Amino acid sequence: MSSASYNFAYLSEQTKRMIRRALLKAIAIPGYQVPFASREMPMPYGWGTGGVQVTAAILVPEDVLKVIDQGADDTTNAVSLRSFFVKTAGIATTEATAEATVIQTRHRIPEAPLTENQILVFQVPIPEPLRFLEPRETETRKMHALEEYGVMHVKLYEDIAKLGQVATTYAYPAKVAGRYVFDPSPIPKFDNPKLDHNPALQLFGAGREKRVYAIPPYTSVQSLDFEDHPFEIQKWDHTCALCGSDDSFLDEIITDDKGGHMFVCSDTDHCRATQEQK
Amino acid sequence: MKKLLSVQQLSKFFGEQLACDDIGFDLYEGEVLAIVGESGSGKTTLLRCLAGLLPPNHGRILYHGKDGRQVDIVLASEAVRRNLLRTEWGFVHQDARDGLRMGVSAGANIGERLMAIGDRHYGHIRSSAEQWLGRVDIPISRIDDSPWTYSGGMRQRLQISRNLVTAPRLMLMDEPTGGLDVSVQARLLDLMRGLVRDLGLAVILVTHDLAVARLLSSRMIVMQNGRVVEQGLTDQILEDPQQPYSQLLVSSVLQV
Amino acid sequence: MYVAVKGGEKAIAAAHRLLAEKRRGDVAVPELGVEQIEQQLALSVERVMNEGSLYDRGWAALAIKQARGDLIEAAFLLRAARTTLTRFGYSTPIATEKMEITRRISAAFKDIPGGQILGPTFDYTHRLLDFALAEPGEPLAPAMVSELALEPPVRVLDLLRQQGLIEAATQTSTSPEDLTEAPLNFPAGRDLRLQNLVRGDEGFLLALAYSTQRGYGRSHPFAGEIRFGSIEVMFTPEELGFEISIGEIAVTECDMINQFKGSTEVAPQFTRGYGLVLGQCERKAMSMALVDRALRCEELGEERGAPAQDEEFVLSHSDNVQATGFVEHLKLPHYVDFQSELAMLRQMHAEIAAKKKAAAE
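Residues numbered from 1 in each chain as written. Chains lettered and ligands numbered in written order. Predicted model: local features only at pLDDT ≥ 70, side-chain atom pairs only at ≥ 80, totals over all residues.

**Student:** Account for the overall build of chain B, naming residues and giving values.
**Tutor:** A count of helices and strands for chain B gives 10 helices and 10 strands. Computed over its C-alpha atoms, the radius of gyration of chain B comes to 18 Å, within 12% of the 18 Å expected for a compact globule of 256 residues. By principal-axis analysis of the C-alpha atoms, chain B measures approximately 55 × 45 × 35 Å. Within chain B, counting contacts between residues at least 6 apart in sequence, those at least 24 apart form 64% of the total. (Helix = DSSP H or I, 4+ residues; strand = E, 2+ residues; numbered from the N terminus. Rg over C-alpha atoms; globule rule 2.2 N^0.38 Å. Contact = placed C-beta atoms within 7 Å.)

**Student:** Describe the overall build of chain C, naming the residues involved and giving the relevant values.
**Tutor:** When its secondary structure is counted, chain C shows 12 helices and four strands. Relative to a compact globule of 361 residues, whose C-alpha radius of gyration would be 21 Å, chain C shows 26 Å and is clearly more extended. Expressed as lengths along the three principal axes of its C-alpha atoms, the size of chain C is roughly 90 × 65 × 55 Å. Each of the 361 residues in chain C was classed as buried or not, and the buried ones make up 30%. (Buried ≥ 20, exposed ≤ 12 C-beta atoms within 10 Å, placed from the backbone.)

**Student:** Pulling in residues and values, what's your account of the interface of chain C and chain A?
**Tutor:** Taken together, the 40 residues of chain C in the interface contact 48 residues of chain A. Within the side of chain C that touches chain A, the residues separate by chemical class into 19 nonpolar, 12 polar and nine charged. (Nonpolar A, V, L, I, M, F, W, Y, C, P; charged D, E, K, R; others polar.)

**Student:** An account of the domain arrangement of chain B is needed here, citing residue identities and associated values.
**Tutor:** Residue and element names in this part refer to chain B. By the assigned domains, chain B splits into domain 1 (1-11 + 25-65 + 169-256) and domain 2 (89-167). The gap between the C-alpha centroids of domain 1 and domain 2 is 24 Å. Facing 15 residues of domain 1, the contacting portion of domain 2 comprises 13 residues. Put simply, the parts of the chain that give the side of domain 1 that touches domain 2 at least two residues each are β7 (170-174) and α7 (182-199). If you tally residues by element for the side of domain 1 that touches domain 2, the top one is β7, at five residues. (Domains from an automatic or database assignment.)

**Student:** Could you give me a rundown of helix α4 (residues 106-116) of chain B, with the residues and numbers involved?
**Tutor:** Along an α-helix, residues three or four apart share an orientation, since each turn contains 3.6 residues. For α4 of chain B, the buried fraction is high: 11 of the 11 residues fall into the buried class. Inspection of α4 of chain B places A106, G107, A108, N109, I110, G111, E112, R113, L114, M115 and A116 of chain B among the buried residues, and these make up the whole buried set. Check the buried side of α4 of chain B and you find it contacts α5 (150-163) of chain A together with α2 (78-86), α5 (122-135) and α6 (152-164) of chain B. Following α4 of chain B by one or two positions, G118 of chain B has its phi on the positive side, about 110°.

**Student:** Outline the sheet that holds strand β10 (residues 227-233) of chain B, supporting the account with residue identities and numerical values.
**Tutor:** Residue and element names in this part refer to chain B. Spatial strand order, β6-β7-β8-β3-β9-β10: six strands in an open sheet with mixed pairing. Only two strands of the sheet have a single partner each, and these edge strands are β6 (89-92) and β10. On average, adjacent strands in this sheet sit at an angle of 15° to one another, irrespective of strand direction. The pairing of strand β3 (residues 32-36) with strand β9 (residues 219-224) spans four bridges and is classified as parallel. For L33, the partnering residue across the bridge sits in β9 and is R219. (Pairing = 2+ DSSP bridges. Axes fitted to C-alpha atoms, helices over the stretch in contact; angles between N-to-C directions.)

**Student:** Go over the arrangement of the chains with me, naming the residues and quoting the values.
**Tutor:** No other pair of the two pairs of chains in contact has as many contacts as chains A and C. Without any contact between them, chain B and chain C keep their closest C-alpha atoms 11 Å apart.

**Student:** Let's hear about the packing of α4 of chain B against α6 of chain B: which residues, and what values?
**Tutor:** Residues and elements named next belong to chain B. One way to put it is that α4 packs onto α6 with a least axis distance of 7 Å and a crossing angle of 30°. Our classification of the angle between α4 and α6 gives roughly parallel. Facing A106, N109, I110 and R113 of α4, the residues of α6 in contact are L158, S161 and R162. Taken together, the residues of the contact of α4 with α6 sort by class into three nonpolar, two polar and two charged. (Parallel < 35°, antiparallel > 145°, perpendicular 65-115°, else oblique.)

**Student:** Would you mind going over the sheet that holds strand β4 (residues 269-278) of chain C in detail, with residue names and values included?
**Tutor:** All names here are of chain C. Taken together, the four strands give an open sheet; going across it, the order is β1-β2-β3-β4, and neighbouring strands pair in antiparallel fashion. Whereas interior strands pair on both sides, the edge strands pair on one side only; in this sheet they are β1 (100-105) and β4. Averaged over all pairs of adjacent strands, the angle between strand axes in this sheet comes to 20°, irrespective of strand direction. Where strand β3 (residues 244-261) meets β4, nine bridges bridge the pair, whose relative direction is antiparallel. When the bridges of β4 are listed, D255 appears paired with Y274. Helix-sheet contacts for helix α9 (residues 282-295) involve β2 (222-235), β3 and β4, and the interaxial angle to β4 is about 140°.

**Student:** For the pairing of β10 of chain B, give the residues involved together with the corresponding values.
**Tutor:** Residue and element names in this part refer to chain B. Examined bridge by bridge, β9 and β10 share six bridges and lie antiparallel to one another. Bridged to M220 within β10 is G232. Between the antiparallel neighbours β9 and β10 lie two residues, among them N225 with a positive phi of about 50°.

**Student:** I'd like a description of unusual backbone geometry, backed by residues and values.
**Tutor:** Residues and elements named next belong to chain C. A cis amide bond links F186 with the next residue in sequence, P187, at an omega value of -5°. Its location among the elements puts P187 in the loop between α6 (156-162) and α7 (190-198). One non-glycine residue, R68, adopts positive backbone phi at about 55°. Of note, R68 is situated in the loop between α4 (57-66) and α5 (71-83). By the C-beta count within 10 Å, which is 14 here, R68 ends up partly exposed. With a phi close to 45°, H220 is a non-glycine residue in the positive phi region. Residue placement: H220 occurs in the loop between α8 (202-213) and β2.

**Student:** An account of the interface of chain B and chain A is needed here, citing residue identities and associated values.
**Tutor:** Between chain B and chain A, the contact holds 16 residues from the first and 14 residues from the second. In terms of residues, the side of chain B that touches chain A owes the most to one element, α4 of chain B, which gives six residues. A per-class count over the side of chain B that touches chain A returns seven nonpolar, five polar and four charged.

**Student:** Please provide a residue-by-residue account of the packing of α5 of chain C against helix α11 (residues 320-328) of chain C, values included.
**Tutor:** Residues and elements named next belong to chain C. Put simply, α5 and α11 touch, their axes get as near as 9 Å, and they point 110° apart. Taken as axis vectors, α5 and α11 run roughly perpendicular relative to one another. The element α5 and its partner α11 pack so that their crossing is left-handed. The segment α5 lies against α11, with I72, A75, F76 and R79 engaging N320, V321 and T324. Along the lines of polarity and charge, the residues of the contact of α5 with α11 split into four nonpolar, two polar and one charged. (Left-handed = near helix turned anticlockwise from the far one by under 90°.)

**Student:** Tell me about the environment of Y6 of chain A, and name the residues and values.
**Tutor:** Positionally, Y6 of chain A belongs in the segment before α1 (13-28). Owing to 13 C-beta atoms within 10 Å, Y6 of chain A belongs among the partly exposed residues under this scheme. With 91 residues separating them in the primary sequence, Y6 of chain A and T97 of chain A have C-alpha atoms 29 Å apart. Here Y6 of chain A is in contact with T88 of chain A together with T84 of chain C, once residues within four sequence places are set aside.

**Student:** So what's going on with helix α7 (residues 268-277) of chain A? Which residues, and what values?
**Tutor:** Regarding α7 of chain A, the residues found buried are T268, D269, H270 and C271 of chain A. Where α7 of chain A is buried, its residues meet β12 (261-265) of chain A.

See below:
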């Protein structure tokens, strides 16, 4: 029985070319979802195959890769994906945001500001921001083409009418370059401001749904809101128990079975760097 | 009076089956035109063609827009048609569920058109919704309720107000009082008559009910088997129908 | 003092070792051989080949061993392996009318040219658990096989076609689209639909097919013909310029005869549903044919309303590798988003409490 052998970063060059072509289209039309022929990968759909395919398509041997999940380098899936790239591409890896050239992330944007030399690759489960309001792909495609986004504000209106405020706390929809409304992936709305005019190239890959989209550097990204109910990010009553940071996203750690808890930076590298500074 | 709509030689076939044939008429601002006929007459098909929801096989539908430009609905792009139906036109379905978002509140239903054309002030959208609820006799306290909790008549009034919020010039209505109790119908017709008068709306109203036609319309088209049998002033046709089929229709209306 | 726990890497390595242990099971029991799976669990192997979308019995058997018998996990392994293979072209369409028949039946006629050949089937077995199989058996005497027809038998549906009683099979002048080369767009053509259904989950298709029989999009089906056997795969390499055989595969083909369409003017004809699968997955081939027919409702001018007739619904959810990925991904950490929701909820509780307090004062 013959066994299989692998190309650099697993995908064949033909596949990488196909994905890069899709990415170029995506960069040319910021926020627009470009269909692509997603391949079956050695990790399940839902585990980041879209992000992995985008990263695999853009990696070169000189790249330094950082992989995070929930902001941490050490969560199980981040470990698994990082070792996949080490095994199939042999590139250097790092936990330090500032040292990375490519950062693949699930559900967070790093706290440290990024530079023009960096690419941020997001893992996306459901690329379509209208999906929960309109299940049909044929209809949502039309709505994007005709800029029919009224229904998105209907959802925001409903929240305010029922709960007094917009109830969306993650995957918060935003308008890109004043044209397409997009889903930034399930990052907390806390991270939405970082999308706007970011010097880094931001690429989004949805493997199971077979879409890629992009935000070119320095592009405007405006979270949807009302003039009299402006977009707001989360705030905490605590600071990080380890580094004292008061402006990062905090994880809640339950410390005992009497409801005791403490708050710690979600971005482990940021926490470490802040601690070292002190 | 300005001409709003000019329909010329409109025909629609489903395979071999004729639905409507060689329909032509003009509509002026503020006019209410009733299209009357029994089921199978082709009146609903005609209405759907006028709204751009069905492509006709032949003919033209010329609409004179607010900006003075003339659009042929038949040839226009889907983008143009969809936009018209959200701004200068309104469509009231026989079953309100087809014309409402049942899953969101009444306020959101009315506000949607405003949000679609770029209104970004929650307070303003909400007060517009309150105003329009008032206009159609729905208690403002019901603004956050889902249409599922509304009665049939209320849903219909909600559907109407959802259309009116962008001040359309033309409303298309498909049996708007169908399926409602007689007293509810009467109230709805009264409301519609008032709105048409106050807002200067032009209406094309499809109905099988001559009483509705008499109450609301100034002109009438009688259809049978896809063809126009008679057309003219409503009063005239009801008083003195010329064609045998019109005579049959008029004579069979129960005199209440 | 809380110290951030590091060690995800160690935990994963330990989990993999534990998995390998469980896979092997009791070491006193002989280890399962890949050839044993291939030979004696052939129907599992064939299911995995269909859903894995790759014809290789050896790889499929290995995948089943690696997956500890979880067939969807095995199909996933095969799909991932498939991604690494270079495609070097398309074969000539297989000529199922030339199939070397192992089994061939028709429910539409009592007898047909070429005969009703039962072949190896569970159909007429009594489902009584056979404890004799718990022990290694005696070598079996070769089964009596009826004389196979010298000529491959004519298709039952071709016979009906000759009499003008059934619609023609769809002919397209353009080459079929490839589901694995471009993302699925709706409306999809019949070629893409059928590709999607072959690699779709057998259980999902079975349920949808069953629903059509129970009234959710009924099409009055008859099993016109089911044939199972081997067929040669022909390919024309560029360098040679002529056709060569690159091997033989086993397939099952199902032709369903469905509700006729016509009027008093246009003579009515039966309509078709088609299923083709690798190996002897008869249930899948039949389910595929029923769902194929249901998805043709618009083309045939029928009212659409049942789940099996909803193209976007059926084709978007048929792939069990995608489905299991997304369902099971809920096991991945989601604590950042959950933290956001918690924060919102706590805020709303606080606001309501403050309101109540203010009202009480």
